[in-house]
Amino acid sequence: MGEAGAKAASVFETMNGTWRGSGRIKLANGRARRISCRAYYNVKNKGHNLGLAIRCASSDSKIELLARLRETNGKISGTWKNAHLTLQVMFMAPPVMAV
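I will try to describe carefully the structure that is included in this document. (Residues numbered from 1 in each chain as written. Predicted model: local features only at pLDDT ≥ 70, side-chain atom pairs only at ≥ 80, totals over all residues. Heavy atoms only, no water.)

Re the layout of surface pockets
Space left empty within the atom packing is revealed by a probe, the size of a water molecule, rolled over the atoms. The volume enclosed by the second largest pocket comes to roughly 160 Å³. Taken together, Asn42, Lys44, Asn49, Leu50, Gly51, Ala67, Arg68, Leu69 and Arg70 make up the lining of the second largest pocket. Elements that contribute at least two residues to the lining of the second largest pocket include exactly strand S2 (32-44), strand S3 (49-57) and strand S4 (62-72). In terms of residue class, the lining of the second largest pocket is made up of three nonpolar, three polar and three charged. (1 Å grid on protein atoms, 1.4 Å probe; cavity = no way out; pocket = protein on both sides within 12 Å on 5 of 7 lines; lining within 4 Å. Points joined across faces, edges and corners; volume = space filled by probe spheres on them. Helix = DSSP H or I, 4+ residues; strand = E, 2+ residues; numbered from the N terminus. Nonpolar A, V, L, I, M, F, W, Y, C, P; charged D, E, K, R; others polar.)

What follows is the structure, encoded as structure tokens:
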């Protein structure tokens, strides 16, 4: 097996693209609402950086989550914010691998 085949894929490498879906959410007051979401994933730096935007909306509310993540030596760090709130969070975490 060549050098390229032996190298493990970076953590974000396969996430590039878009996703959309819909469903129902249950609110704290017990009411249910239909919701639809779209996610946009932009992978850079050979799969070690990920920009993402997740937008969800119901009939009376919406949320937009924006994030910039990076993987360095097996650790993930970055920032995320809710575009409709004045909140920005920085975090660091080990990557979670799907089985």
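Past the structure itself, the notes keep going.
Comments concerning unusual backbone geometry
Backbone geometry at Lys46 places phi at a positive 55°, although glycine is not the residue there. Along the chain, Lys46 turns up in the loop between S2 and S3. Even without a glycine there, the phi angle at Asn73 is positive, about 50°. With respect to the secondary-structure elements, Asn73 resides in the loop between S4 and strand S5 (75-82).

As for the pattern of salt bridges
Scanning all chains against the criterion turns up two salt bridges. One salt bridge connects Arg33 with Asp60, and the closest N-O pair in it is separated by 3.2 Å. With Arg33 in strand S2 and Asp60 in the loop between S3 and S4, this pair connects stretches of sequence that are 27 residues apart. Judged by its relative accessible area of 52%, Asp60 is exposed. In this structure, Arg55 and Glu64 form a salt bridge, with 2.6 Å as the shortest nitrogen-oxygen distance. Take Arg55: its relative accessible area is 37%, and that puts it in the partly exposed class. Its relative accessible area of 16% is what places Glu64 among the buried residues. (Salt bridge = Lys/Arg side-chain N within 4 Å of Asp/Glu carboxyl O. Buried < 20%, exposed > 50% of the residue type's maximum accessible area, 1.4 Å probe, protein only.)

Brief notes about the environment of Arg20
Here Arg20 lies in strand S1 (residues 17-26). Along the primary structure Arg20 and Ser36 are separated by 16 residues, whereas in three dimensions their C-alpha atoms are 7.5 Å apart.

Digging into the environment of Ser10
By secondary structure assignment, the location of Ser10 is in the loop between helix H1 (3-6) and S1. Given a relative accessible area of 13%, Ser10 falls into the buried group. Taking the C-alpha atoms as reference points, Ser10 and Asn45, 35 residues apart in sequence, are found 9.9 Å from one another. Aside from chain neighbours lying at most four places away, what touches Ser10 is Lys46, Gly47 and His48. (Contact = heavy atoms within 4.5 Å.)

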